[in-house]
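What the coordinates show
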Amino acid sequence: MSGRTARPSRTARPSRTERTERPALADRGRHLVAALAALAAATLLLPVLVSPVLPGGAAATAVPAGAASPRPRTNSTSPNSTSPNSTVPFGATPIGSNAVSRANAPVVGLAATRDGAGTWLVGGDGGVFSYGDAGFFGSAGSLHLNAPVVGMAATPDGGGYWLVGRDGGVFSYGDAGFFGSAGSLRLNAPVVGMAATPGGGGYWLAAADGGVFSYGDAGFFGSAGSLHLDAPVVGMAATPGGRGYWLVAADGGVFSYGDAGFFGSAGSLRLDAPVVGMAATPDGGGYWLVGRDGGVFTYGSAGFFGSLGGTALPGPVVGMAAAPGGAGYWLAVSSEPLAGKVVGIDPGHNGLNYSAPGVIDQPVFNGTGYEPCDTTGTATDSGYTEAQFNFDVATDLQADLQAEGATVVMTRPNNDGVGPCVTTRTAIIDNAHADVAVDIHADGGPAGGRGFAVLEPMADGPNDGVIASSALFAADVRAAFLEGTSMPVSTYDGVQGLQPRNDLAGLNLTTVPKVLIECGNMRNAADAALLVTPSFQQEAAAAMASAVTAFLTGGP
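Residues numbered from 1 in each chain as written. Predicted model: local features only at pLDDT ≥ 70, side-chain atom pairs only at ≥ 80, totals over all residues. Heavy atoms only, no water.

Brief notes about the overall build of the protein chain
When helices and strands are counted, the protein chain shows eight helices and 27 strands. Relative to its 556 residues, the protein chain shows a buried fraction of 57%. In the protein chain, of all internal contacts separated by at least 6 residues, the share reaching a separation of at least 24 is 61%. Put simply, the protein chain shows about 20,800 Å² of open surface, and 54% of that area lies on carbon and sulfur atoms. (Helix = DSSP H or I, 4+ residues; strand = E, 2+ residues; numbered from the N terminus. Buried < 20%, exposed > 50% of the residue type's maximum accessible area, 1.4 Å probe, protein only. Contact = heavy atoms within 4.5 Å. Areas by Shrake-Rupley, 256 points an atom, 1.4 Å probe, with all protein chains shown as cover.)

Below is the structure:
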């Protein structure tokens with residue numbers, strides 16, 4: 001659906017750099033809070049507010065036992081079937097289910113009118129769909145976007161809305177004013193959501209690292225941008241008076257700032273699926289969290305009206321919006337499991353590298369030392385090159401991931417060029433703020449050695465923040481490759497198919513979770529016989545896609 005051209009994003013200074021950041025609740029305090037609540041419940045004490053002193057001086061308030069649902073509860077009256085790219089209502093919502101019949105891109109978010117008689121859905125391409133009394137004021141569906149849209153917010157009178165892109169670019173429509181964006185900034189992490197001020201005179205953007213950017217009359221009350229998070233931030237909500245906000249992480253951890261009260265979190269629970277968003281009650285006395293599987297967690301004054309937990313869904317739940325008076329909520333269901341996710345793919349080497357030794361032999365600094373800009377790679381005895389294999393698998397993987405709704409960033413468009421250098425490849429993926437990335441290779445090992453190996457980064461500075469997540473991804477890739485292909489684990493590289501490395505630019509300089517996979521040994525006759533076949537290449541790509549999906553969704 002197309003609309004008028006959005007006003008261009010303007011440069012704005014990130015507010016989080018202007019003031020001292022102070023989280024009202026540090027993530028490390030969640031376990032202590034949960035333990036205190038459990039103790040109160042176990043001993044049948046009256047609810048008591050306790051203020052433990054947390055490391056670093058942050059104070060937290062324990063929530064009375066029973067204030068939060070311990071697991072996402074399942075609504076026995078929820079629909080037997082749910083449409084893709086749709087809203088699903090619970091509680092007293094004036095407008096019911098609505099679905100986009102022919103979405104050009106998966107739904108990534110929703111917003112509701114103040115009276116609750118209308119809702120909007122927005123797709124990753126910026127297309128906007130309006131229902132009930134929600135007016136259509138335009139969309140970014142016909143624009144060429146620098147990054148996919150990740151969320152939206154409505155003006156208080158329902159006469160307009162904002163869209164926000166993963167790069168922090170803001171698009172305003174109707175009576176929604178443009179107050180600035182992060183679209184021209186170099187971000188430490190991608191933007192994941194936004195919230196508007198009560199009067200519509202400003203908005204906040206939240207990034208995955210917990211950074212908060214404020215524009216217009218939106219005050220800056222702190223952020224988690226300087227904290228080491230256990231899981232990335234996935235959404236935010238503002239208090240009714242606009243004097244505070246909450247951030248929520250994928251593990252269910254909640255951070256409160258300004259006059260936003262802390263009423264509990266799911267940070268200490270074992271979740272069936274990661275949390276994807278939150279909504280606040282109109283009185284500011286509570287909030288809901290929603291998981292990717294549609295499970296709903298309630299805290300404070302937020303009532304439980306049902307969930308999609310345990311329901312077979314056509315795609316992931318991607319967000320929620322509250323109904324007037326806190327009497328219900330809508331959940332937004334997308335279509336593909338990787339909707340809104342960005343995946344980086346680096347097919348190693350390039351087909352014409354052999355023709356430009358003066359270029360590819362130039363040394364580049366890889367974070368710990370120097371290595372060549374690139375190399376020609378290896379080949380089978382029959383002359384099938386590693387560069388061609390890498391690109392063949394990469395294009396199969398790209399198609400698989402796009403079919404699941406992911407945005408894919410490739411470091412080279414074909415196998416008919418030179419380079420780019422390994423440092424440039426890494427920067428391409430880092431600058432795209434990919435959620436995860438894979439470098440695809442095949443090895444030139446000893447002729448008697450067989451099998452695949454998954455290389456993972458070792459901490460050296462730039463990659464410090466993604467060592468743990470890369471190790472988890474490496475385990476997913478190893479498991480998927482073992483299950484999905486006939487290639488055995490390497491008999492000569494690593495231990496059981498896993499190998500930490502600190503001498504490769506792609507791993508040393510990454511700022512996103514990443515692994516490098518040697519899919520087999522081209523110098524081994526048995527491996528080579530597999531590597532040259534399109535069927536194995538498709539199996540390899542499917543295995544990698546399965547690993548990416550498992551890593552990004554928390555699935556099996």
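A closer look at the nonpolar core
Soluble, globular proteins show a tendency: their nonpolar side chains are buried together. Membership of the largest hydrophobic core comes to 41 residues, with the highest contact counts inside it found for Leu-401, Phe-481 and Met-544. Put simply, the parts of the chain that give this core at least two residues each are strand S20 (342-347), helix H3 (386-403), strand S23 (407-410), strand S24 (436-443), helix H5 (467-484), strand S27 (514-521) and helix H8 (534-553). No other element matches H8, which puts 10 residues into this core. Not counting the four nearest positions on each side in its chain, Phe-481 is found in contact with Phe-452, Met-487, Ile-517, Cys-519, Phe-536, Ala-540, Ala-543 and Met-544. Counting 34 residues, the second largest nonpolar core, distinct from the first, contains Val-212, Phe-255, Leu-289 and Tyr-299. (Core = buried A, V, L, I, M, F, W, Y, C linked by side-chain atoms within 4.5 Å.)

Brief notes about the sheet that holds strand S10 (residues 202-207)
Strand pairs in the sheet, formed through backbone hydrogen bonds, run parallel or antiparallel to each other. Strand order in the open sheet made by the three strands is S9-S10-S11, with antiparallel pairing throughout. The two strands at the open ends of the sheet, each matched to only one other strand, are strand S9 (191-196) and strand S11 (212-216). The mean angle between the axes of side-by-side strands here comes to 20 degrees, regardless of whether they run parallel or antiparallel. (Pairing = 2+ DSSP bridges. Axes fitted to C-alpha atoms, helices over the stretch in contact; angles between N-to-C directions.)

Section: the packing of H3 against H8
Two elements in contact, H3 and H8, have axes whose closest approach is 8 Å; the angle formed by their N-to-C orientations is 50 degrees. In terms of their interaxial angle, H3 and H8 are classed as oblique. Along this stretch, H3 crosses H8, giving a crossing that reads as right-handed. When H3 is examined against H8, the residues Phe-389, Asp-392, Val-393, Asp-396, Leu-397, Asp-400 and Leu-401 are found in contact with a partner set consisting of Phe-536, Gln-537, Gln-538, Ala-540, Ala-541, Ala-542, Met-544, Ala-545 and Val-548. Counted by class, the contact of H3 with H8 contains 11 nonpolar, two polar and three charged residues. (Parallel < 35°, antiparallel > 145°, perpendicular 65-115°, else oblique. Left-handed = near helix turned anticlockwise from the far one by under 90°. Nonpolar A, V, L, I, M, F, W, Y, C, P; charged D, E, K, R; others polar.)

Quick notes on a nonpolar patch on the surface
Among the surface-exposed residues, Leu-352, Tyr-354, Val-359 and Val-418 lie close enough to one another that they form a single nonpolar patch of about 360 Å² accessible area. Relative to the assigned elements, Val-359 resides in helix H2 (residues 357-360). The exposure class assigned to Val-359 is partly exposed, which follows from its relative accessible area of 45%. (Patch = residues over 30% accessible without salt bridge, like charges linked within 9 Å, V, L, I, M, F, W, Y side chains within 5 Å. Salt bridge = Lys/Arg side-chain N within 4 Å of Asp/Glu carboxyl O.)

Re the packing of aromatic side chains
By convention here, two paired aromatic rings are described through the distance between centres and the angle between planes. Per the counting criterion, the structure on display carries 19 aromatic pairs. With 5.5 Å between their ring centres and 65 degrees between their planes, Trp-120 and Tyr-161 make a pair best called edge-to-face. Taken together, the residues Trp-120 in strand S4 (residues 118-123) and Tyr-161 in strand S7 (residues 160-165) connect sequence positions 41 residues apart. Using a relative accessible area of 0% as the deciding quantity, one classes Trp-120 as buried. The exposure class of Tyr-161 is buried, given its relative accessible area of 0%. (Phe/Tyr/Trp six-rings, centres within 6.5 Å; stacked < 30°, edge-to-face > 60°.)

A look at the layout of surface pockets
The method is simple in principle: a probe with the dimensions of a water molecule rolls over the atoms, and the space it marks as empty is what remains. Computed from the structure, the second largest pocket encloses a volume of approximately 890 Å³. If you trace the second largest pocket, you find 37 residues lining it, with Asn-146, Ala-147, Pro-148, Arg-166 and Ala-432 closest to the centre. Elements supplying a minimum of two residues to the lining of the second largest pocket: S23 and helix H4 (422-431). Looking at the lining of the second largest pocket element by element, the count peaks at five residues for H4. (1 Å grid on protein atoms, 1.4 Å probe; cavity = no way out; pocket = protein on both sides within 12 Å on 5 of 7 lines; lining within 4 Å. Points joined across faces, edges and corners; volume = space filled by probe spheres on them.)

Focus on the sheet that holds S4
Taken in spatial order, the three strands line up as S3-S4-S5 in an open sheet, and their pairing is antiparallel. Among the strands making up the open sheet, the edge pair consists of strand S3 (107-112) and strand S5 (128-132). Across this sheet, the average inter-strand angle for adjacent strands is 20 degrees, counted without regard to direction. Across five bridges, S3 lies against S4 in antiparallel orientation. Bridge pairing links Ala-111 to Trp-120 in S4.

Remarks on the state of the cysteines
In the structure shown here, the tally under the stated rule is one disulfide. Sulfur-sulfur distance for the disulfide between Cys-373 and Cys-421 comes to 2.0 Å. Its S-S torsion of about -95 degrees marks the bond between Cys-373 and Cys-421 as left-handed, since a negative value means left-handed. Separated by 48 residues along the polypeptide, Cys-373 in the loop between strand S22 (370-372) and H3 and Cys-421 in the loop between S23 and H4 bring together distant segments of the chain. (Disulfide = S-S within 2.5 Å.)

Comments concerning the environment of Pro-156
Here Pro-156 lies in the loop between strand S6 (149-154) and S7. Sequence separation between Pro-156 and Gly-201 is 45 residues; the distance between their C-alpha atoms is 9.6 Å. Those residues in contact with Pro-156, other than ones at most four positions away along the chain, are Arg-114, Thr-197, Pro-198, Gly-199 and Gly-200.

Things to note about the confidence of the model for the protein chain
For the protein chain, mean pLDDT is 85; residues scoring 70 or higher make up 85% of the total. A low-confidence stretch, residues 1-80 (pLDDT under 50), is modelled with 174 contacts involving residues beyond four sequence positions or located in other chains. (pLDDT = per-residue confidence, 0-100.)

So, the side chain of Ser-265
Inspection of the secondary structure puts Ser-265 in the loop between strand S14 (254-258) and strand S15 (275-280). Owing to a relative accessible area of 17%, Ser-265 belongs among the buried residues under this scheme. Polar side-chain contacts of Ser-265 include one of 3.2 Å to the backbone nitrogen of Gly-267. (Polar contact = N/O pair within 3.5 Å; in protein donor to acceptor, adjacent residues only side chain to side chain.)

Regarding the pattern of salt bridges
Where charged atoms from two side chains of opposite charge come close, those side chains can pair. Under the definition given, this model contains seven salt bridges. Across the pair Asp-503 and Arg-501 runs a salt bridge, and its minimum N-O distance is 2.8 Å. Through salt bridges that share partners, Asp-346, Asp-374 and Arg-425 make up one connected network.

Some details on the packing of H5 against H8
Following both chains from N to C, one finds H5 and H8 inclined at 140 degrees, their axes separated by 8 Å at the closest point. In terms of their interaxial angle, H5 and H8 are classed as oblique. In this structure, H5 crosses over H8, and the sense of that crossing is right-handed. Counted together, Ser-469, Leu-472, Phe-473, Asp-476, Val-477, Ala-480, Phe-481 and Gly-484 of H5 and Phe-536, Glu-539, Ala-540, Ala-543, Met-544, Ser-546, Ala-547, Val-548, Ala-550 and Phe-551 of H8 form the full contact between these two elements.

With respect to the environment of Arg-523
Following the sequence through the fold, Arg-523 ends up in the loop between S27 and helix H7 (525-531). A residue is classified by how much of its surface remains accessible, and Arg-523, at 32% relative accessible area, is partly exposed. For the pair formed by Arg-523 and Thr-380, sequence separation is 143 residues and the distance between their alpha carbons is 5.9 Å. Residue contacts for Arg-523: discarding those within four places in its chain leaves Thr-378, Ala-379, Thr-380, Asp-381, Asp-443, Gly-444, Gly-445 and Ala-447. There is a polar contact of 2.6 Å between the side chain of Arg-523 and the backbone oxygen of Ala-379.

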